[in-house]
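One-letter residues, chain by chain:
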Amino acid sequence: EAVMGRTCRTLLMIAAALILYKPVLADVFTLDVLEDAYINDFNGSSTLDGSPDEIRNTNALLAGKGILSDGDAIESRVIMVFDLDSYLGMDLINAELTGFGRRVDAWATNEPVTVGFSSYTGDGAVTLDDFSRAASYLSSVSLPNSANITEFAQFSIDVTSAVQQALDADSRFLEFRAE
């Protein structure tokens, strides 16, 4: 596992993620992640089959795709689940998905990694189906390589529309995927 974490070409570590939003006539609310994990498609023959194989929760969220130094192929996607139940029926002024991240493969390249974020209404749990569940693209962020920085870079994307749509549809769970 240590080798996998260091050598995958485009792995990304997202240390924390949360949604901040301000309902009309209310204070700022912070939603904590109900559940988070990353899902892997892994193959020892350096060819991915497109089917997820495992769910990992190691207190580090890894997203990326590449070939490891031992020839294994891996694609990981981060899933973050938020419970909106207490906020159903509210109107938003602003919602942001914020967190910290960086590329963790300093051996492959000094280039930053681009991570795409999407959202979908979910079931409140991270499952293998979340790897390829239909989702709405939100935005991408570019995160620096860990060889260039020693700290995580902060990112923030606007998710107001996604959260408001989920609230308007009385969807209890909203899930975000990073890949």
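Residues numbered from 1 in each chain as written. Predicted model: local features only at pLDDT ≥ 70, side-chain atom pairs only at ≥ 80, totals over all residues. Heavy atoms only, no water.

Describing the overall build of the protein chain
Here is the rule: Strands are runs of DSSP state E lasting at least two residues, helices are runs of H or I lasting at least four, and both sets are numbered from the N terminus onward. Contacts between residues were defined by any pair of non-hydrogen atoms, one from each residue, lying within 4.5 Å. Per-residue accessibility takes into account occlusion by the displayed protein chains alone, with areas from the Shrake-Rupley method and a 1.4 Å probe.
Broken down by element type, the protein chain carries two helices and 11 strands. Put simply, 77% of the contacts in the protein chain that link residues at least 6 apart link residues at least 24 apart. Put simply, the protein chain shows about 8,500 Å² of open surface, and 47% of that area lies on carbon and sulfur atoms.

Regarding the nonpolar core
Using the following cut-off: Residues belong to one nonpolar core when they are buried, are Ala, Val, Leu, Ile, Met, Phe, Trp, Tyr or Cys, and are joined through side-chain atoms within 4.5 Å. Working definition: with a 1.4 Å probe on protein chains only, accessible area under 20% of the residue-type maximum means buried, over 50% means exposed, and in between means partly exposed.
Residues Leu97, Phe117, Val163 and Phe176 are the most contacted members of the largest nonpolar core, which totals 24 residues. Broken down by secondary-structure element, the contributors of at least two residues to this core are strand S6 (73–83), strand S7 (92–103), strand S8 (113–121), strand S9 (136–143), strand S10 (153–158), helix H2 (160–168) and strand S11 (173–178). If you look at the next biggest cluster of nonpolar residues, it comprises eight residues, including Ile39, Val81, Val126 and Phe131.

A look at the packing of aromatic side chains
Centre-to-centre distance and the angle between the planes together describe a pair of aromatic rings. Quick reminder of the rule: Only Phe, Tyr and Trp rings take part, Trp by its six-membered ring, and two of them pair if their centres are within 6.5 Å. Stacked means planes under 30 degrees apart, edge-to-face means over 60, and tilted covers everything else.
Applying the stated criterion across every chain, the model contains two aromatic pairs. Consider the rings of Phe82 and Phe176, whose centres lie 5.7 Å apart with planes at 80°: the pair is edge-to-face. Within this pair, whereas Phe82 is found in strand S6, its partner Phe176 is found in strand S11, the two being separated by 94 residues in sequence. Note on accessibility: Phe82 and Phe176 belong to one class, buried. Judged by centre distance (5.3 Å) and plane angle (35°), the ring pair of Phe117 and Phe155 falls under tilted. Here the residue Phe117 occupies a position in strand S8, and Phe155 occupies one in strand S10, the gap between them amounting to 38 residues. Here Phe117 matches Phe155 in class, with each residue buried.

Quick look at the confidence of the model for the protein chain
To keep it simple, the criterion reads: In predicted models, pLDDT denotes the confidence assigned by the predictor to each residue on a 0 to 100 scale.
Taken as a whole, the protein chain shows an average pLDDT of 74; of its residues, 65% reach a score of 70 or greater. The model gives residues 1–27 a pLDDT under 50, and that stretch makes 118 contacts with residues more than four places away or in other chains.

Details of the pattern of salt bridges
Spelled out, the test is: Any Lys or Arg side-chain nitrogen located within 4 Å of an Asp or Glu carboxyl oxygen qualifies as a salt bridge.
All chains considered together, the criterion is met by six salt bridges. Glu54 is the salt-bridge partner of Arg56, the closest N and O atoms lying 3.7 Å from each other. On the accessibility criterion, Glu54 (26% relative accessible area) is partly exposed. With a closest N to O distance of 3.3 Å, Arg77 and Glu179 form a salt bridge. Pair noted here: Arg77 is in strand S6 and Glu179 is in the segment after S11, with a separation of 102 residues, a long-range link. Relative accessible area serves as the criterion here: at 13%, Arg77 is assigned to the buried category.

Focus on unusual backbone geometry
In this structure, Asp170 takes a positive phi of about 55° despite not being glycine. Tracing the chain through its elements places Asp170 in the loop between H2 and S11. A relative accessible area of 55% places Asp170 in the exposed class.

Remarks on the environment of Ser46
Position of Ser46 among the secondary structure elements: in the loop between strand S3 (35–43) and strand S4 (54–56). The exposure class assigned to Ser46 is partly exposed, which follows from its relative accessible area of 36%. Taking the C-alpha atoms as reference points, Ser46 and Ile74, 28 residues apart in sequence, are found 8.0 Å from one another.

A word on the side chain of Ser171
Within the secondary structure layout, Ser171 lies in the loop between H2 and S11. The contacts of Ser171, once residues within four sequence positions are left out, are Leu84, Leu88, Thr121 and Ala166.

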